[in-house]
Structure formats: structure tokens, C-alpha cells
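Summary of the model geometry
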Amino acid sequence: SKDMWLEMEFLYPYQSSFIKGFIDLVFRYEGSYYILDWKTNFLGSSDEEYSLEKMQQCMEKNEYFLQASIYTEAVCRYTSLFEKKATVSSVIYFFVRGKKPFVFKPNLKRLLWK
């Protein structure tokens, strides 16, 4: 479908190199794009270990906010090929072991080249 991409590969130039990666899932809903990434991090054996605070700490420790910014840039570059003003509304990092999503707005200011 043109509204969903599984395992979306990206490659774009940055300075004298390239940035390459794979995004688990990108989908469009009501005119906006969303990024979904599955996270298998083990934060503990109880549901309490997957609180928003603990997931936030994991996100920061593993630089997942930076990763999401790179993914957002890749989606924006790709969708600009066929849309004038495409936006990524939210990024969803789903912690599979805790069965909980961590949903946030992407921040392109995290990118060093922005």
C-alpha cells in the first residue's frame, strides 16, 4: 500500500558520507505520517519496570530520540518526492517485552546538521 511501508530502507547523503538504516514501519493516517519501531529492551520482569519514566530512561540511554530524529528526516526526505509538505506526527517506540508504547513527537533539532 502507498500508505504503509514495512522495513523501510533509507540512504541519504550527509557531508562526505551517507546515512543508512531501516525503519520497522512507516504508515500514513489521516494525512500525517507515523513511525513505529519495535524495541526488545529488557527493563525488568514486572509491568512496573515499563513505566513511562523507565522507558524514557531507556530511550535516553540508548539514544533512541536521536535515532527517531534520523528516521523522521529520512521519512520527510522520501515523502517530499511526492508531497509538498509531509510531516511525521508521532513516533511510536513499542516496548515488546512490556507490551507498552512510548509515543512522542519527533524533534529534528536533535540532529547535529539541523
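Quick summary incoming for the structure in this document. (Residues numbered from 1 in each chain as written. Predicted model: local features only at pLDDT ≥ 70, side-chain atom pairs only at ≥ 80, totals over all residues. Heavy atoms only, no water.)

Assigned secondary structure in the protein chain consists of two helices and five strands. Order of helices (α) and strands (β) in the protein chain, N terminus to C terminus: β-β-β-α-α-β-β. Relative to its length of 114 residues, the protein chain is compact, with a C-alpha radius of gyration of 15 Å against a globular reference of 13 Å. C-alpha extents for the protein chain along the principal axes are approximately 45 × 35 × 20 Å. Counting all 114 residues of the protein chain, 41% fall into the buried class. Long-range contacts, defined as pairs at least 24 residues apart, comprise 54% of the intrachain contacts of the protein chain with a sequence gap of at least 6. Within the structure as shown, the protein chain displays about 7400 Å² of accessible surface, and the carbon and sulfur contribution to it stands at 54%. If the 16 positive side-chain charges of the protein chain are averaged to one point and the 14 negative ones to another, these points end up 5 Å apart. (Helix = DSSP H or I, 4+ residues; strand = E, 2+ residues; numbered from the N terminus. Rg over C-alpha atoms; globule rule 2.2 N^0.38 Å. Buried < 20%, exposed > 50% of the residue type's maximum accessible area, 1.4 Å probe, protein only. Contact = heavy atoms within 4.5 Å. Areas by Shrake-Rupley, 256 points an atom, 1.4 Å probe, with all protein chains shown as cover. Lys, Arg positive; Asp, Glu negative; His and termini not counted. Charge placed at Lys NZ, Arg CZ, Asp CG, Glu CD.)

In this section: the sheet that holds strand β2 (residues 17–29). Read across the sheet, five strands follow the order β1-β2-β3-β4-β5 without closing on themselves; strand pairing throughout is mixed. Taken across any chain shown, the strands that pair with only one partner, and hence form the sheet edges, are β1 (4–14) and β5 (100–104). Direction aside, neighbouring strands of the sheet carry axes that sit 35° apart on average. With ten bridges joining them, β1 and β2 adopt antiparallel strand pairing. Opposite E9, over in β2, you have F22 as the bridge partner. Helix α1 (residues 52–61) contacts β4 (88–95) and β5 of the sheet and is inclined by roughly 65° relative to β5. (Pairing = 2+ DSSP bridges. Axes fitted to C-alpha atoms, helices over the stretch in contact; angles between N-to-C directions.)

Turning to its location among the elements, S69 is positioned in helix α2 (residues 64–79). At a separation of 2.6 Å, a polar atom in the side chain of S69 contacts the main-chain carbonyl oxygen of N107. (Polar contact = N/O pair within 3.5 Å; in protein donor to acceptor, adjacent residues only side chain to side chain.)

Now for the pattern of salt bridges. Taken as a whole, this structure holds six salt bridges when the rule is applied. Two residues, D37 and K39, come together in a salt bridge whose shortest N-O distance is 2.6 Å. Note on accessibility: D37 and K39 belong to one class, buried. For E49, the salt bridge identified is with K54, shortest N-O distance 3.7 Å. Residue class for E49 comes out partly exposed when judged on its relative accessible area of 27%. Several salt bridges share partner residues, and in doing so they unite D3, R28 and E83 into one network. (Salt bridge = Lys/Arg side-chain N within 4 Å of Asp/Glu carboxyl O.)

This part is about the side chain of E83. Inspection of the secondary structure assignment puts E83 in the loop between α2 and β4. Each residue touching E83, except ones within four places of it in the same chain, is listed here: R28 and Y33.

Coordinates in, geometry out; function isn't part of it.
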